[in-house]
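Structural overview
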Amino acid sequence: MLRSPNIKRPERLDDLLEPALMARLGQLDVSSRKIFAGKLRGERRSKKRGQSVEFADHRPYVVGDDLRHIDWNIYGRLDRLFLKLFLEEEDLSLHVVVDCSTSMDAGEPNKFLFCQRLAASLAYIGLVNLNRVALSAIGERIDTPSVEGGAGAEPTSVSSGLVSTLRDLRGRRRLDDISRYLIGLQPIGGTRFTDACKKIALTRRGKGVMIVLSDFMVKEGYETGLRLLVGHGYDLFAIQVLSPQEMEPEKGGIGGDLRLRDMEDGDTAEVTITAPLLKRYKQTLNAYCNRLHEFCVQRDIVHMTVKSDTPIDTLVLDYLRRRGLLK
Amino acid sequence: MTFATPILAGIAAAVAVPALIILYFLKLRRRDLEVSTTLLWKKAIQDLQANAPFQKLRNNILLFLQLLVLAAALLALAQPEYRDTGLTNARHIIVIDNSASMNATDGRVLPPGAPPESTPTTRLDAAKQRALQLVDALKEPGVFDNRGEEAMVIVFNTTAQVLQTFTSSKSDLRNAINGIQPTDAPGYLERAWALADAYTGKKVFQEDVGFVPVGPGATVHLLSDGRLPDAGKVQRGETDAVFFHRVGTPDAANVGITGIRAERAFDNPARLSIFVGLQSTARQPRSVDVELIIDGATTNVRDVVVGAAKPKDAAALEGEDPGEDSGDRWVPGLGGFVFPIDRAEGGIATVRISTREPDALPSDNIGYLVIPPAKRLAVALVSEGNLLVQSAFRGMKLSALDVIKPAQFQQMLDDGRTSQYDVFVLDRFLPQVRVGSVGAGEASAARVPGLPPGRSVVLGAVPPPPLGVVDEGPAEGAVFADFRRDHPALALSALDKVTISKFRRVSVRPDTPVRVLASTDKGPGVLEVSDASVLSIVIPWDPADSDWWLDPGWVLFMAGAVLYLSDSGAGTGGDMVRPGDTLRTRVPIGSRDVRLTTPDNARHNLEPAGDGSVAFGPVLRNGIYTVSWDGPGTAADFVVDGRARRPVAANLADPNESDIGAASRLDLANDRVSARGDEDAALRRKVWPYLLLAALAVIMLEWWVYNRKVAI
């Protein structure tokens with residue numbers, strides 16, 4: 001809840017991903033409830049027949065088919081032309097969206113740092129499984145980190161403004177890019193969540209899994225934004241990150257007569273902390289989270305609320321696996 | 001409730017209240033705190049306010065409590081006082097008058113047009129009600145102070161009685177007060193005051209000063225109408241406080257019987273005159289119907305006008321006795337008349353008066369009288385022959401004058417046949433009587449010369465010890481130096497002219513039942529011996545050895561002594577007792593199953609003494625009290641169903657009690673106490689300590705509310 005005092009920002013990859021965790025994450029893969037088509041032949045089974053070593057079926061030859069796929073053995077026996085169909089293994093697009101608003105720079109442990117680590121972990125899992133990984137930072141004002149593009153099949157691109165995206169990363173060697181990008185993000189300004197989501201929805205490519213890391217404390221409302229992100233071949237995960245102080249303010253040492261100032265827009269609220277007010281705050285928070293959850297469930301979005309003091313390994317290795325994001 | 005310093009409190013309130021409100025509404029200095037979002041907080045505040053319609057009030061509860069504290073403090077500054085019936089001393093003595101005048105029905109003045117069924121309250125009821133208010137006002141033991149106020153209850157009329165000693169138990173006090181019954185006895189304060197004085201605290205004797213009270217005094221609450229003729233005899237203790245709670249009104253109109261008496265003509269006992277004295281406190285003359293009822297039948301009715309009461313000064317101008325100084329007193333108007341009737345037989349006469357105007361005290365509107373039958377005494381002269389004595393009785397109309405020998409009398413005495421004579425005259429003779437320790441058998445009792453049981457006149461003999469008369473031998477020549485002229489036997493005896501040639505010197509031991517009626521220069525000359533069984537007038541010397549018998553006073557002495565000893569009033573007055581006194585009479589020796597029936601038909605068994613005397617009392621109500629017994633009665637007694645009956649009339653007949661105007665003040669020996677009416681009965685108690693305590697309590701409440709509010 002409160003702005004984190006003297007937060008130690010990550011400076012290296014090790015600050016985001018500990019080696020021991022990396023070793024354990026390497027055994028995981030991103031899971032989707034669907035098999036998605038991708039632009040690259042990856043390690044993922046696709047419904048689309050294509051070029052692969054795994055035979056799927058035969059179909060009669062028609063004019064125009066690639067002659068290289070004709071099964072000449074069948075032609076020899078049946079004297080008819082059949083094409084051999086193979087299951088095409090495609091890559092998965094993993095898109096991690098990180099909320100970079102100022103409200104994320106709060107709590108103990110810091111929510112934004114938590115999101116940085118979680119995003120790094122998820123991106124690492126995507127990279128080692130040869131998925132197409134994209135990272136987006138949304139915020140009112142995003143300073144574009146300097147990332148070298150051109151690696152891999154398609155060059156990465158970084159945009160600025162409401163959304164900054166690092167996309168089309170593939171393979172373990174792009175981990176440095178990921179880490180540099182994440183380290184370079186700064187939680188400044190507001191969210192403009194809807195606009196940012198709209199921009200992401202318009203610019204994203206392919207199909208895959210999209211994970212939104214945010215506290216979803218959006219005064220303009222999160223509904224429109226999430227509605228834009230859902231669909232279009234993306235399996236959407238909304239991970240709501242809240243600090244322990246937001247969930248239980250009394251443990252954060254809050255009390256007395258206060259003028260609460262919003263970190264994003266400077267809005268103030270004068271409160272006298274009393275037991276009834278705290279009770280009411282918790283009820284309001286629960287209602288807010290429940291409403292978000294219901295909204296997500298109704299739209300086939302997987303929603304989960306995590307506290308920023310949850311260990312990353314527990315979250316990734318346990319919670320996310322149970323929720324079907326990882327396998 | 002009144003305020004001692006309201007202006008000071010008003011100024012303080014004008015300054016402090018606005019200051020508090022301004023201070024309260026000054027902007028609260030809040031601590032700035034950055035949070036991730038105010039979204040939820042604002043919503044929570046909105047929800048909280050939406051769910052608490054009295055949220056604003058709740059927000060201002062602290063202001064409300066602070067205003068309350070300020071109000072209590074400001075009120076304390078104004079020094080409020082309220083009227084209370086309690087007093088300063090921790091010990092209260094509630095003295096309630098239940099004398100006859102307290103039966104007056106002006107305890108509660110009925111408003112004009114009051115419904116006829118509303119019964120007027122007597123002064124005693126009003127006094128009891130006031131006393132209960134006093135009890136209610138007593139401070140009870142508190143949590144921090146276990147010393148509650150104590151009170152005691154004394155009720156008085158002619159006598160005084162402690163109904164409840166000092167206690168802080170209000171229920172005991174209430175029970176004692178509620179148990180007080182009205183009486184028709186006169187009211188005298190002195191005994192009640194002596195009782196109260198005994199309880200008002202310790203007194204120590206200091207040289208040259210006398211008894212000095214030690215420690216805190218008591219508060220005496222006198223609940224009375226002030227009709228207390230002996231109030232001037234009582235003294236208020238130095239440390240005591242006296243409050244006179246007056247009940248009744250000063251101008252209560254009452255016509256009452258203040259005297260009733262019957263007399264038979266000396267020469268014609270069958271002629272009876274009944275005298276009735278009346279008194280009125282009404283401001284106008286009152287026409288009164290006086291009805292004479294004998295044995296239940298109305299015999300005569302007379303219309304009598306009783307004069308109006310006059311102011312004391314006017315009465316003094318006309319030469320009437322204004323009575324004691326009692327403030328705004330009026331002197332009652334007087335009236336009276338005589339019923340002459342011819343009636344030889346006895347009976348019970350009732351005199352009832354009735355007026356057309358309201359009368360405040362009904363109990364003095366009726367008088368009772370027991371008329372004994374016209375009778376003559378039977379006297380026995382025990383002598384070997386004494387002309388002097390015989391001739392003395394010759395002029396009296398006696399029913400019998402028998403001369404019997406001493407031996408015969410001794411035999412009659414031994415046989416118990418002495419009841420046929422009213423009085424024995426023992427001429428130089430004393431019979432052998434039994435003396436012995438109590439409980440000793442008859443056989444062991446020694447027989448010595450002594451006074452016989454009953455009534456007797458002893459001439460020329462000295463009763464031996466243990467009666468208390470010591471024979472000191474003969475003496476020559478004596479003259480009377482002093483004698484009691486108020487004694488019925490000696491009133492007309494002219495002893496101052498008597499010279500005794502041969503005197504018998506005797507002396508009287510103190511603390512014996514012997515009273516000296518006349519003294520000579522050589523010692524006691526006439527004695528009266530009165531103990532449980534004996535009533536005797538003793539002349540130790542022989543009257544024949546003096547010149548008394550030559551004087552008519554001798555005859556008058558003998559007649560007076562016999563009449564006095566016969567206890568019958570010679571058939572004129574009958575037995576009468578005044579409420580508040582003890583009823584005493586004497587039944588014949590040997591009477592059995594002696595009972596007394598009160599006017600309300602309650603029966604009491606009485607145990608006669610050796611001489612047949614019985615006592616009951618004090619009697620408290622007017623009416624006829626009847627003593628009855630199995631056995632022969634005297635000539636004055638009635639015999640009904642084989643039982644002798646002796647009615648005794650109890651009459652208030654007290655001019656002071658019938659003068660029922662409530663006194664406006666009480667003049668004690670050392671103080672003058674003004675009456676406190678209903679409106680003035682309460683005393684002022686200071687409230688500010690309680691207000692400060694209340695303020696402290698509210699501050700504690702405010703602290704609790706504040707902590708509860710800010711606690712997480």
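Quantities reported herein were computed from a predicted structural model and do not represent experimental measurements.

Helix and strand counts for chain B stand at 13 helices and 41 strands. A burial count over chain B gives 39% of its 712 residues as buried. Sequence-distant contacts, at least 24 apart, represent 71% of the contacts inside chain B between residues at least 6 apart.

The next thing to look at is the nonpolar core. In this structure, Ile94, Val95, Ile96, Val153, Ile154 and Leu369 of chain B are the most contacted members of the largest nonpolar core, which totals 90 residues. Here this core gathers at least three residues from each of two domains, domain 2 (86-109 + 119-251 + 660-681) and domain 3 (255-374 + 654-658) of chain B. What Ile154 of chain B contacts, discounting residues up to four positions off in sequence, is Ile93, Val95, Ala160, Gln161, Val162, Leu163, Ala192, Leu195 and Ala196 of chain B. Counting 83 residues, the second-largest nonpolar core is a separate cluster that includes Phe114 and Tyr281 of chain A together with Leu40 and Trp41 of chain B.

Before going further, it helps to examine the pairing of strand E36 (residues 623-630) of chain B. All names here are of chain B. The pairing of strand E33 (residues 592-597) with E36 spans four bridges and is antiparallel. Its bridge partner lying in E36, Thr597 is registered against Thr626. Across eight bridges, E36 lies against strand E38 (residues 643-650) in antiparallel orientation. Bridge pairing links Trp629 to Ala644 in E38.

Looking now at the pairing of strand E18 (residues 347-355) of chain B. Residue and element names in this part refer to chain B. Here strand E13 (residues 286-294) pairs with E18 via seven bridges, running antiparallel. Within the sheet, the bridge partner assigned to Val288 lies in E18 and is Thr355. As paired elements, E18 and strand E19 (residues 366-371) share six bridges and run antiparallel to each other. When the sheet's bridge partners are listed, Val351 is paired in E19 with Gly367.

This part is about the interface of chain A and chain B. On the side of chain B, 23 residues touch chain A, which itself brings 36 residues to the contact. At the level of elements, strand E9 (256-262), strand E10 (268-273) and helix H9 (275-298) of chain A are the ones that each hand at least two residues to the side of chain A that touches chain B. Residue contributions to the side of chain A that touches chain B peak at nine residues, all from H9 of chain A. For the side of chain A that touches chain B, the per-class residue count stands at 17 nonpolar, six polar and 13 charged.

All names here are of chain B. Reading across the sheet, the nine strands line up as E21-E20-E22-E25-E30-E29-E28-E26-E27 and stay open at both edges, with mixed pairing between neighbours. The sheet is open, and its two edges are formed by strand E21 (400-404) and strand E27 (499-508), each paired on a single side. The mean angle between the axes of side-by-side strands here comes to 30°, regardless of whether they run parallel or antiparallel. As paired strands, strand E26 (residues 469-483) and E27 are joined by eight bridges and run antiparallel to one another. Within the sheet, the bridge partner assigned to Asp471 lies in E27 and is Val506. Here helix H9 (residues 387-394) sits on the sheet in contact with strand E20 (378-382), E21 and strand E22 (423-427), set at roughly 170° to E20.

All right, on to the sheet that holds E19 of chain B then. Residue and element names in this part refer to chain B. Read across the sheet, four strands follow the order E14-E13-E18-E19 without closing on themselves; strand pairing throughout is antiparallel. Every other strand in the sheet has two partners, leaving strand E14 (297-306) and E19 as the edge strands with one partner each. Across the sheet, the mean angle separating the axes of adjacent strands is 20° when strand polarity is ignored.

Residues and elements named next belong to chain B. The end-to-end C-alpha distance of helix H11 (residues 552-566) is 21 Å, a good match for the 21 Å that 15 residues give at a rise of 1.5 Å each. Burial within H11 is extensive, with 11 of its 15 residues counted as buried. Of the positions making up H11, those classed as buried are Gly553, Trp554, Phe557, Met558, Ala559, Ala561, Val562, Leu563, Tyr564, Leu565 and Ser566.

The subject of this paragraph is helix H4 (residues 111-128) of chain A. All names here are of chain A. With 18 residues, H4 should reach 26 Å at 1.5 Å per residue; the first-to-last C-alpha distance of 26 Å fits that figure. Burial analysis of H4 places 17 of its 18 residues in the buried class, which makes it a mostly covered element. Directly beyond the C-terminal end of H4, a positive phi value near 60° is found at Leu130.

Attention now goes to the confidence of the model for chain B. All names here are of chain B. When pLDDT is averaged across chain B, the result is 80; 84% of the residues are at 70 or more. Averaged over each element, pLDDT in chain B is lowest for helix H3 (residues 55-59) (56) and highest for helix H6 (residues 170-178) (92). Interface confidence in the predicted complex, given as ipTM, is 0.79; pTM for the same model is 0.50.

Another aspect to go through is the confidence of the model for chain A. Residues and elements named next belong to chain A. The pLDDT averaged across chain A works out to 81; a share of 83% of its residues lies at or above 70. The weakest mean pLDDT in chain A belongs to strand E1 (residues 44-50) at 54; the strongest belongs to helix H3 (residues 72-78) at 92. Note on residues 149-157: pLDDT under 50 across the span, and 22 contacts to partners over four residues away in sequence or across chains.

Moving on to the packing of H4 of chain A against helix H5 (residues 175-184) of chain A. Residue and element names in this part refer to chain A. Interhelical geometry of H4 versus H5 gives an angle of 165° and a closest axis separation of 10 Å. The orientation of H4 relative to H5 falls into the category roughly antiparallel. Note that H4 runs across H5; the crossing there is right-handed. Of H5, the residues touching H4 (which contributes Gln116, Ala119, Ala120, Ala123, Tyr124 and Leu127) are Leu175, Ile178, Ser179 and Leu182. Here the contact of H4 with H5 is composed, by residue class, of eight nonpolar, two polar and no charged.

Inspection of the secondary structure puts Arg505 of chain B in strand E27. When the C-alpha positions of Arg505 of chain B and Lys522 of chain B are compared, they lie 6.5 Å apart, and in sequence the two are 17 residues distant.

Note that the residue after Glu108 of chain A, namely Pro109 of chain A, is joined by a cis bond; omega there is 5°. Mapped onto the elements, Pro109 of chain A comes out in the loop between strand E4 (93-99) and H4. Phi at Asp79 of chain A takes a positive value of approximately 65°, unusual for a residue other than glycine. Among the secondary structure elements, Asp79 of chain A is positioned in the loop between H3 and strand E3 (82-90). Accessibility expressed as a C-beta count within 10 Å gives 7 for Asp79 of chain A, which makes it exposed. The phi dihedral of Asn601 of chain B falls on the positive side, at around 65°, and the residue is not glycine. Secondary-structure assignment places Asn601 of chain B in the loop between E33 and strand E34 (603-605).

Cut-offs and rules
- Residues numbered from 1 in each chain as written.
- Chains lettered and ligands numbered in written order.
- Predicted model: local features only at pLDDT ≥ 70, side-chain atom pairs only at ≥ 80, totals over all residues.
- Helix = DSSP H or I, 4+ residues; strand = E, 2+ residues; numbered from the N terminus.
- Buried ≥ 20, exposed ≤ 12 C-beta atoms within 10 Å, placed from the backbone.
- Contact = placed C-beta atoms within 7 Å.
- Core = buried A, V, L, I, M, F, W, Y, C linked by C-beta atoms within 7 Å.
- Domains from an automatic or database assignment.
- Pairing = 2+ DSSP bridges.
- Nonpolar A, V, L, I, M, F, W, Y, C, P; charged D, E, K, R; others polar.
- Axes fitted to C-alpha atoms, helices over the stretch in contact; angles between N-to-C directions.
- Expected span 1.5 Å × (residues − 1).
- pLDDT = per-residue confidence, 0-100.
- Parallel < 35°, antiparallel > 145°, perpendicular 65-115°, else oblique.
- Left-handed = near helix turned anticlockwise from the far one by under 90°.

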